[in-house]
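Observations on the model geometry
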Amino acid sequence: MTRMLLTPGPVEVPHHVALEGATRMISHRSGQFSALYRELLADLCRLLEVEEPPVLFPGSGTGALDALCQNLLSPGDRVISLSCGAFGHRFREIALRRGVDVIPLDVPWGEGIGPDLVAQAIRANRDTRAVLITHNETSTGVLNPIELVTEVIPDDVLVLVDAVSSVGAVPCLPSKWRVDGLATSSQKGLMCPPGLGMVWLSPRGWERAAQVSCPTYSLDLKLYRLHRERAMETPYTPPVSLYFQLARALKDILSHPKETWWRDRRRFSRGLCAALEALGLSPLVKDPSLRSPGVTAIVGEEGLCKGIRKSLAQMGLQVASGQGDVKDRLVRIAHYTPMGWPELSMICGTVWKAMVEMGMRPEMDRVMEAALVEMEG
Ligand SMILES: *Cc1c(COP(=O)(O)O)cnc(C)c1O
């Protein structure tokens, strides 16, 4: 029977990427590894459109956020923490543990963080050292306009971005957008199994890292950079199998013209949202321009959402609930990986059946029509 993992991380790993994980192990102190590492970093630079490659280390997305905070913030630094959901709160919590002075700024779940709000916060806190912001807020399905937000942030304030669920699925250009620290990981838009954390720093980010004493040993980014520059190696044992897999996934992504790659994600997301609305369901994010091309959240009564999740799971489609206070009132469907009409039909047909099982009578014809308009438009 069909089984599809539609949770917002980890995502379904394409078969050929999964197979790379079975490649014979190589020593991480070998020319073979250095060649793999060099190529992987070059492709990541192409994807992010940056010159200096990111640092890769064993870890999840949370580990990457931790690495940003440990390497770029010192206890007592004043930091504005912008949050529009569970991951914004997590980033804040990590900064708090680092002992920084956090100015929290929240917007309601389902809404985005815009430049006006940020400009106001900066004006009110002149001695701000850094701004923390989430690019794609996976708990709500909001894509924040980072490129507009950074325009209102003064040059001497570091911009640290949680891009865990955006890299690979949406354009994410830290250098162009004047970001100083970007954190991501392997298991979402990059279509790989979980286990690889990544951090990219701007020249200013590296300067700052040189001034901050990093309290952790294994997440000291400077050491990673040193070993890369000296020998194209990592200081400690890297998750080699994941390197093989990520190298393959990146080749896949980069084999498409970028604009087509991003456009197809957006079209799918619009099509899915329109179809779900036609089924009578409500997207959590009301403003279509803020809807994430990677994950769609439906909000509704607890009984409805639980029922849909449960029957989808019985029919082989695993989706996610919400997080935090809205845990039971959300259904989250991930589409970070490439999907098209067949997947859309399968998801919508299955949601329709789930609703029928719950005694509802949604019309199916209009559903596909609504999706078609958005997918082809
Ligand atoms: C998934 C996710 C994280 C956490 O990643 P883990 O790999 O679960 O540690 C952080 N931020 C965002 C936006 C995410 O989507």
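Each value, and the rule that gives it
Residues numbered from 1 in each chain as written. Predicted model: local features only at pLDDT ≥ 70, side-chain atom pairs only at ≥ 80, totals over all residues. Heavy atoms only, no water. UniProt positions renumbered as here; feature names shortened; annotations may be inferred. Core = buried A, V, L, I, M, F, W, Y, C linked by side-chain atoms within 4.5 Å. Buried < 20%, exposed > 50% of the residue type's maximum accessible area, 1.4 Å probe, protein only. Helix = DSSP H or I, 4+ residues; strand = E, 2+ residues; numbered from the N terminus. Domains from an automatic or database assignment. Contact = heavy atoms within 4.5 Å. Pairing = 2+ DSSP bridges. Right-handed = clockwise from strand over helix to strand, strands pointing away. Axes fitted to C-alpha atoms, helices over the stretch in contact; angles between N-to-C directions. Parallel < 35°, antiparallel > 145°, perpendicular 65-115°, else oblique. Left-handed = near helix turned anticlockwise from the far one by under 90°. Nonpolar A, V, L, I, M, F, W, Y, C, P; charged D, E, K, R; others polar.

Taking an unreviewed UniProt entry as the reference, the chain is identified by name as Aminotransferase class V belonging to Thermanaerovibrio acidaminovorans. What the UniProt record of the chain gives under Sequence similarities (unreviewed entry) is the line "Belongs to the class-V pyridoxal-phosphate-dependent aminotransferase family." The UniProt entry for the chain carries the following text under Cofactor (unreviewed entry): "pyridoxal 5'-phosphate".

Observations regarding the nonpolar core
In terms of nonpolar packing, the biggest core is built from 59 residues, with Leu-56, Leu-182 and Leu-246 touching the most fellow members. With 10 residues, the single largest contributor to this core is helix 9 (residues 240-254). Counting contributing residues, this core receives three or more from each of domain 1 (15-254) and domain 2 (257-376). If near-sequence neighbours (up to four positions away) are discounted, Leu-56 is found in contact with Tyr-37, Leu-40, Leu-41, Leu-44, Leu-196, Gly-197, Met-198, Tyr-224 and Tyr-243. The next biggest cluster of nonpolar side chains, apart from the first, holds 28 residues, and it includes Cys-305, Val-319, Leu-344 and Met-355.

Considerations on unusual backbone geometry
Generally, phi is negative for residues other than glycine and the peptide bonds are trans, each holding for most cases. Note that the residue after Gly-9, namely Pro-10, is joined by a cis bond; omega there is -5°. You can see Pro-10 is positioned in the loop between strand 1 (4-5) and helix 1 (15-20). Unusually for a residue other than glycine, Glu-49 sits at a positive phi of about 55°. Here Glu-49 lies in the loop between helix 2 (31-48) and strand 2 (55-58). For Glu-49, a relative accessible area of 33% gives the class partly exposed.

Things to note about the pairing of strand 4 (residues 101-106)
Pairing analysis gives 6 bridges linking strand 3 (residues 78-83) to strand 4, with the strands arranged parallel. Directly across from Arg-78, in strand 4, lies its bridge partner Asp-101. Since strand 3 and strand 4 lie parallel, the crossover through helix 4 (residues 86-97) that links them has a hand, and here it is right-handed.

Overview of the packing of helix 12 (residues 341-357) against helix 13 (residues 365-376)
The geometry of a pair of packed helices is captured by two quantities: the angle between their axes and the separation between those axes. Interhelical geometry of helix 12 versus helix 13 gives an angle of 150° and a closest axis separation of 11 Å. Between helix 12 and helix 13, the angle is such that the two are roughly antiparallel. With respect to the hand of their crossing, helix 12 and helix 13 are arranged in right-handed fashion. Counting all contacts with helix 12, which are made through Trp-341, Leu-344, Ser-345 and Cys-348, the residues of helix 13 involved are Val-367, Met-368, Ala-371, Leu-372 and Met-375. For the contact of helix 12 with helix 13, the residue count by class is 8 nonpolar, 1 polar and no charged.

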